[in-house]
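Residue-level structural notes
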Amino acid sequence: MDNLGQVVDQIRRNRGMKINELCQGIISPSTYSRFVKGQSYISSESFVKIINRLHMTFAMFLQDYQTFFTLKHDYAILNHAKAYNQLDIIEDLINKYEEAKELKGWRTADDRFLKVARTILNLMIEAPKSLEHLMEVQFYFSQLKALSDNDYFALKLLLPYMTAEDAEKVMAKQLSKISDLKEPALAENIYYVCGILYTKHLQGVIERLQKSISLC
């Protein structure tokens, strides 16, 4: 399960509870559906109410679904290690996931993390074929119909290494789904990525202008 909504929906199905029964008086079924698909967020107040209706305390939720939060934590560690050039920490993360790959419970989300961590490390040390590895990961993400919270986090880590054109190709499917720019649920993820893309384009324009001026 790649996003919080999927985790909640798994509990709902385990409880044999209908969506309308879970959402009544808290959020609309359509909002819940977008939340499960990773297309929307819900307030912390609504989230706690839904957890309570599932007959769980928040502490129980954290304990039972700690693997979901472990992945988020590892993305945060990867981000910090990348920012401070701590290659040994990234190597430790890669080793941790390579060992876990042989165990029961290996998830698609774990596999994506491993791909991203390996690519980040190769780019940082400028390993042979590191750009080829980046292109493979770019293509992988461009084929996904929907991106989870963790997928967006991964893209935030990879975007600095991408050209503006390649980044647009990766995000093409996601950007095509935006029909209402006032949708608050999209702000944290898609808008963040759009901001980076816009900045990349501005940098390209400035570089071309500077080059033109230097030739004059």
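So, how was this worked out
- Residues numbered from 1 in each chain as written.
- Predicted model: local features only at pLDDT ≥ 70, side-chain atom pairs only at ≥ 80, totals over all residues.
- Heavy atoms only, no water.
- Helix = DSSP H or I, 4+ residues; strand = E, 2+ residues; numbered from the N terminus.
- Expected span 1.5 Å × (residues − 1).
- Buried < 20%, exposed > 50% of the residue type's maximum accessible area, 1.4 Å probe, protein only.
- Arc of directions from axis to C-beta.
- Phe/Tyr/Trp six-rings, centres within 6.5 Å; stacked < 30°, edge-to-face > 60°.
- Lys NZ or Arg CZ within 6 Å of the ring centre and 35° of its normal.
- Axes fitted to C-alpha atoms, helices over the stretch in contact; angles between N-to-C directions.
- Parallel < 35°, antiparallel > 145°, perpendicular 65-115°, else oblique.
- Left-handed = near helix turned anticlockwise from the far one by under 90°.
- Contact = heavy atoms within 4.5 Å.

1. Describing helix α7 (residues 87-100)
End to end, α7 covers 20 Å across 14 residues, agreeing with the expected 20 Å (1.5 Å per residue, within 8%). Residues of α7 that are buried include every one of I90, L93, I94 and Y97, and no others. Down the axis, α7 shows its buried residues gathered within 95 degrees of arc, on one side only. Opposite the buried face of α7, at more than 90 degrees from it, the exposed residues are D92 and E99.

2. Thoughts on unusual backbone geometry
For N85, which is not a glycine, the phi torsion comes out positive at approximately 55 degrees. Within the secondary structure, N85 sits in the loop between α6 (66-83) and α7. For N85, a relative accessible area of 51% corresponds to the exposed category.

3. Focus on the packing of aromatic side chains
In the structure shown here, the tally under the stated rule is 8 aromatic pairs. A centroid spacing of 5.7 Å and a plane angle of 25 degrees characterise the contact between Y75 and F153, whose relative ring orientation is stacked. Of the two residues, Y75 sits in helix α6 while F153 sits in helix α10 (residues 149-158), which places them 78 residues apart along the sequence. Y75 gets classed as buried once you look at its relative accessible area, which sits at 1%. With 5.7 Å between their ring centres and 90 degrees between their planes, Y140 and F141 make a pair best called edge-to-face. A residue is classified by how much of its surface remains accessible, and F141, at 2% relative accessible area, is buried. What links up through ring pairs into an aromatic cluster is the set Y75, Y97, W106, F113 and F153. Of note, K115 hangs over the ring of Y140, and the distance from its end group to the ring centre comes to 5.0 Å.

4. Digging into the packing of helix α8 (residues 108-124) against helix α9 (residues 130-142)
Packing of α8 against α9 leaves a shortest axis separation of 9 Å and a crossing angle of 150 degrees. Compared by their axis directions, α8 and α9 come out roughly antiparallel. The two elements α8 and α9 cross, and the hand of that crossing is left-handed. Across the interface between the two elements, T108, R112, K115, V116, T119, N122 and L123 from α8 touch S130, L131, H133, L134, V137, Y140 and F141 from α9.

5. Topic: the environment of L114
For L114, the position within the fold is in helix α8. Classification of L114 as buried rests on a relative accessible area of 1%. Those residues within four positions of L114 in sequence are excluded, and the remaining contacts are I94, Y97, E98, K101 and W106.

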